[in-house]
Every structure is written in C-alpha cells, then in structure tokens.
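Results of the structural survey
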Amino acid sequence: MASVFSFNLPKPTSSFIIRSSSTATASPAISTPESLQDQFGRKGIKFTESNGIPFAELTVRNGSSLKLHIPNAHVTSYKPKLYWKDDGCEEVLYTLPPLPGSASESRGGVGLTVNEDMGSNKSTPLTTSEWVVKDVDSDAIDALQVELSCKSGSLDINYVVSLYPLSMATAVKVQNNGRKPVNLTSAILTHFISKKRMGAAIQGLQGCSYCSQPPLSSPFELLSPFEAAKTESSGWFFGPEPEKKIGEWTTQDVPFTILGHKLSRVYTAPPAERSKPFHRTPPSKYEYIDQGRELFFRIIRMGYDDIYLSSPGSYSDKFGKDYFICTGPASMLIPVVVNPGEEWRGAQVIEHDNL
C-alpha cells in the first residue's frame, strides 16, 4: 500500500498511521458481515452486524478498541487502555443510539462532515452515497486501520480510521476528478463523555482568537446549529461571562476553557487577518481534560484551519445524566478550494498518556 497522506503523524510511525490503497478504483460494495470478513477480516479486525447494519470492530494488543459504523463512516465507540488494573479500558465517546423505530442514525461519537459550500451561507452534504470498505491494513495487532470510500459527483472521498495502543486517528482525502473547482467546508468532530459537568475543560488555547459560531450541520449532531448557537443564563451569581455575539472576535486570555456552561466557538485566525504576511494560527494540538475521571486526551489537528469547540450546558439534561463536550478540527469560515485534478486532506489524532 502506498502512503497518500504526507502528514507527520505521531507514533507508531507516520508511514503507517495513514496509508491508503494504491488501487485507483474502489472495491465493489460488499455489505454483508460474512463477505466483509472473508475479504478483509484479519487478526484484530472483525466485521459484525447490528440491526442489519455492518460494523468494523478494531482491537489492538493492549485491549484498546473502536467500533466503526460502515455505511456512514461513524466511529460510535472508542475504548482505550486507560488503567493498569482490571482490563483497564473505558469508553470515552458520548454516543446515542437511534431512537426505537426511527430511521435516524446514531449521534455523537466521532463524525466526519464534508459539505460543498454554495455561497450565501448555503451548503450541501457531499457524502450522499453509502461508504464501502476499500481496504484494511495492520502491523501485527499493534496498529490497525480500515479505509472506506464513497463518491459524490466528480469527487472521490477516502476515509481512513486507524487504531493504536495509545491513540486513534481519522483522516479524509477528497479528490476532484471534475472540470470545475469545488469549495468545501469540513470537520471531524468528537463528542467526549465527561463524568462531571464542571470537570470538563480544554487546555492549550490561551492566546488564540475565537468567535461564537454554530457548528456545521451534521447527521451526527446532538445539538443542531440553531440549538448550539442559543445562549443561556448560567443561573449563578458568580457565573461565567455571557458568550460573545456570533462573529464577534476576541482572544482567550486564560489557560483553561471550563466547559460547564453553554458555548459554541471556532478558534482560528480571523478571515480578515489571513491575508497579512504574518498572523497567528490556532495550535496544532490541545488537550481535553476530564477531571472527574482524572483523564486527559490530546487532540492533534492536520490539514484543517480551525478548531471547533462546544459544550451543551444545561441542554445536556435532555439527553440523560451524563455530560459531554464536542471538539475537533474544522474548516468552517473560509471554504477549502479543491481545483480540478487536485486533492485535499485533513486529519485528527486523539492520543493519551493516561497509563
């Protein structure tokens, strides 16, 4: 297999973490778990079925695992090895199953969104066809990956999900085979579960410019863009300051972003600043802290211009007792232009040192 991503990714090696089939055409759609297992199954990679929907289950040597919903490229579970005692693996994603009798998809987890920007604040989802398994790869059972592919008009889209003992990665490549440029907005958003509402925080964004901004619309969203953008009163006498109006820029002046109240932000260089020879961009990595479980996770951004961050505040009550936050790399404010014959790549890595 030839490498299609030139990002300098973390361990185990950059040459393996995101690799893709060198074959130009995708494999025929294979939908049954039996057929997938026969063609792509190997040690650490198993294909199963739930309610008639095929899943890929990846498990590395130390017990870390993830579950990938194949038709919509949705990571619904990630259980890394976090503790030495017992099996030591614990779920870190907040995912809600479809409602009984509903045709809707699971929400939360790790979801890829790729939209075509039509201008005038209008966009349409690109991934209109179902994803199919294109290839798999492994290095013993310490590094595993599944590559999915789908088509949308003249665009070929590949999505690689990789699992390692102390990290997982998701990477997208969009190839424009048409005759016209395509403007894209995209995000890879992760919904982390938090044991305590006031114990969720982000570290590493001090000094960054940000503005209040709703997320891109996604089939995996827990809060719609309208709900995410709504403000709420903290109800506390010494509560946090109200969020800025949408599009109003400011700079983060504190080392930690406490996520107990409701917010929806994009951290990035303001569009007006990007034409200058020198401007400050958001960091390539930052950390999510779950104080209730004494855990932290490092989020690494590649290829994307922005960082999206949101927390539901009291809106989390409508989903149950657990709290969650949503964050990940994005290109939201200025579309990515993919010219004919060119490709665009973006990736996210989640890693930890909790052991």
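You'll find the protein entered in an unreviewed UniProt entry as Photosynthetic NDH subcomplex B 2, with Kalanchoe fedtschenkoi given as the organism.

Helix and strand counts for the protein stand at three helices and 23 strands. In the protein, which comprises 355 residues, the share counted as buried stands at 51%. Long-range pairs, those at least 24 residues apart, make up 66% of the contacts in the protein with a sequence separation of at least 6. If you sum the accessible surface of the protein, you get close to 16,200 Å²; carbon and sulfur atoms cover 51% of it.

Further remarks concern a nonpolar patch on the surface. Together, Met198, Phe256 and Ile258 give the surface a local cluster of nonpolar side chains, amounting to about 270 Å² of exposed area. A relative accessible area of 45% means that Met198 is categorised as partly exposed.

A complete count under the given rule lists 15 salt bridges for this structure. Residue Arg265 is joined to Glu243 by a salt bridge in which the shortest nitrogen-to-oxygen separation is 2.7 Å. Of this pair, Arg265 sits in strand β18 (residues 263–267) while Glu243 sits in the loop between α3 (225–229) and β16 (249–251), and the two are 22 residues apart along the sequence. Salt bridges sharing partners connect three or more residues here, namely Glu287, Arg298, Glu351 and Asp353.

Time to look at empty space enclosed by the protein. A full pass over the atoms with the stated rule returns two cavities of 30 Å³ or more. Roughly 180 Å³ of volume is contained in the largest cavity. Residue lining of the largest cavity: 19 residues in total, with His191, Glu221, Leu222, Leu223 and Cys326 positioned closest to the centre. At the level of secondary structure, the elements contributing two or more residues to the lining of the largest cavity comprise β7 (110–119), β13 (182–194), β21 (306–311) and β22 (323–338). In terms of residue count, the dominant contributor to the lining of the largest cavity is β21 (three residues). Its residues assigned to classes, the lining of the largest cavity shows 11 nonpolar, seven polar and one charged.

Conventions and cut-offs
Residues numbered from 1 in each chain as written. Predicted model: local features only at pLDDT ≥ 70, side-chain atom pairs only at ≥ 80, totals over all residues. Heavy atoms only, no water. Helix = DSSP H or I, 4+ residues; strand = E, 2+ residues; numbered from the N terminus. Buried < 20%, exposed > 50% of the residue type's maximum accessible area, 1.4 Å probe, protein only. Contact = heavy atoms within 4.5 Å. Areas by Shrake-Rupley, 256 points an atom, 1.4 Å probe, with all protein chains shown as cover. Patch = residues over 30% accessible without salt bridge, like charges linked within 9 Å, V, L, I, M, F, W, Y side chains within 5 Å. Salt bridge = Lys/Arg side-chain N within 4 Å of Asp/Glu carboxyl O. 1 Å grid on protein atoms, 1.4 Å probe; cavity = no way out; pocket = protein on both sides within 12 Å on 5 of 7 lines; lining within 4 Å. Points joined across faces, edges and corners; volume = space filled by probe spheres on them. Nonpolar A, V, L, I, M, F, W, Y, C, P; charged D, E, K, R; others polar.

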